[in-house]
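# Notes for the structure review
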Amino acid sequence: MPRSTNSVASRRRRKKIIKQAKGFFGRRKNVWTVAKNAVEKAMLYAYRDRRQKKRNFRSLWIQRINAGARQNGMSYSQLMGALKKNNIELNRKVLADLAMNHPEAFSAIVQKVK
């Protein structure tokens with residue numbers, strides 16, 4: 001019996017990868033073997049960086065809160081400790097937004113916990 005291949009499924013599988021490689025540079029966008037490797041690597045980066053994005057934003061928020069706190073005569077750790085002690089449950093995202101966009105409101109919070 002002759003060997004049969006499912007060329008419809010194979011082509012569909014290849015087309016899916018080539019479609020995902022749209023926008024890549026050079027042979028990465030249209031040569032199957034190169035595109036397959038490029039798309040696999042891109043997927044790994046996407047998976048990894050969805051988690052790293054959370055770390056990066058938390059780090060950015062902490063830097064912004066620290067800068068705002070130091071303008072009001074406190075360090076970041078002193079401010080966070082004082083907020084916990086006074087049962088003020090504002091998360092870092094909100095505090096960073098206040099420090100950047102509403103410095104007078106942030107100053108009021110700092111003065112309350114001092």
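Residues numbered from 1 in each chain as written. Predicted model: local features only at pLDDT ≥ 70, side-chain atom pairs only at ≥ 80, totals over all residues. Heavy atoms only, no water.

The name given to the protein in an unreviewed UniProt entry is Large ribosomal subunit protein bL20, with Candidatus Ornithobacterium hominis as the source organism. Here the protein is described in UniProt, under the heading Function (unreviewed entry), as follows: "Binds directly to 23S ribosomal RNA and is necessary for the in vitro assembly process of the 50S ribosomal subunit. It is not involved in the protein synthesizing functions of that subunit." Among the UniProt annotations of the protein, the heading Sequence similarities (unreviewed entry) holds the following wording: "Belongs to the bacterial ribosomal protein bL20 family." (UniProt positions renumbered as here; feature names shortened; annotations may be inferred.)

Let us look at the nonpolar core. Side chains of nonpolar character tend, in soluble globular proteins, to be buried together. Counting 16 residues, the largest nonpolar core has Ile65, Met74, Leu79, Leu83, Leu95 and Phe106 as the members making the most contacts within it. At 5 residues, the largest contribution of residues to this core is made by helix α3 (residues 76-85). In this structure, Met74 is in contact with Ala69, Leu79, Ala82, Val110 and Lys114, ignoring residues within four places of it in sequence. (Core = buried A, V, L, I, M, F, W, Y, C linked by side-chain atoms within 4.5 Å. Buried < 20%, exposed > 50% of the residue type's maximum accessible area, 1.4 Å probe, protein only. Helix = DSSP H or I, 4+ residues; strand = E, 2+ residues; numbered from the N terminus. Contact = heavy atoms within 4.5 Å.)

A word on the environment of Lys85. With respect to the secondary-structure elements, Lys85 resides in helix α3. Among the residues examined, Lys85 registers a relative accessible area of 71% and is labelled exposed. Between the alpha carbons of Lys85 and Gly23 there is a distance of 52 Å; along the sequence they are 62 residues apart.

On to the pattern of salt bridges. Should the charged atoms of two oppositely charged side chains come close, the side chains can pair. Tallied over the entire structure, the rule returns 1 salt bridge. Between Arg48 and Asp49 there is a salt bridge, with the nearest N and O atoms lying 2.9 Å from each other. Here Arg48 falls in the partly exposed class, since its relative accessible area comes to 41%. (Salt bridge = Lys/Arg side-chain N within 4 Å of Asp/Glu carboxyl O.)

Next up on the list: the packing of aromatic side chains. Think of a pair of aromatic rings as described by two things: how far the centres are apart, and how the planes are tilted against each other in angle. Under the criterion given, the structure shown has 1 aromatic pair. Ring geometry for Phe57 against Trp61: centres 6.0 Å apart, planes inclined by 40°, an arrangement best described as tilted. Within this pair, Phe57 and its partner Trp61 are both found in helix α2 (residues 32-71), separated by 4 residues, close to a single helical turn. Residue class for Phe57 comes out partly exposed when judged on its relative accessible area of 41%. (Phe/Tyr/Trp six-rings, centres within 6.5 Å; stacked < 30°, edge-to-face > 60°.)

Here we come to the packing of α2 against helix α4 (residues 92-101). Running from amino to carboxyl end, α2 crosses α4 at an angle of 45°, the nearest separation of the two axes being 8 Å. By the angle class used here, α2 and α4 are oblique. Note on packing geometry: the crossing formed by α2 with α4 is left-handed. Judged by residue contacts, Arg58, Trp61, Ile62, Arg64, Ile65 and Gly68 of α2 engage Arg92, Lys93, Leu95, Ala96, Ala99 and Met100 from α4. A breakdown of the residues in the contact of α2 with α4 according to their chemical character gives 7 nonpolar, 1 polar and 4 charged. (Axes fitted to C-alpha atoms, helices over the stretch in contact; angles between N-to-C directions. Parallel < 35°, antiparallel > 145°, perpendicular 65-115°, else oblique. Left-handed = near helix turned anticlockwise from the far one by under 90°. Nonpolar A, V, L, I, M, F, W, Y, C, P; charged D, E, K, R; others polar.)

Okay, the side chain of Ser75 next. Within the element layout of this structure, Ser75 appears in the loop between α2 and α3. Other than its neighbours up to four places away in sequence, Ser75 contacts Asn66, Ala69 and Arg70.

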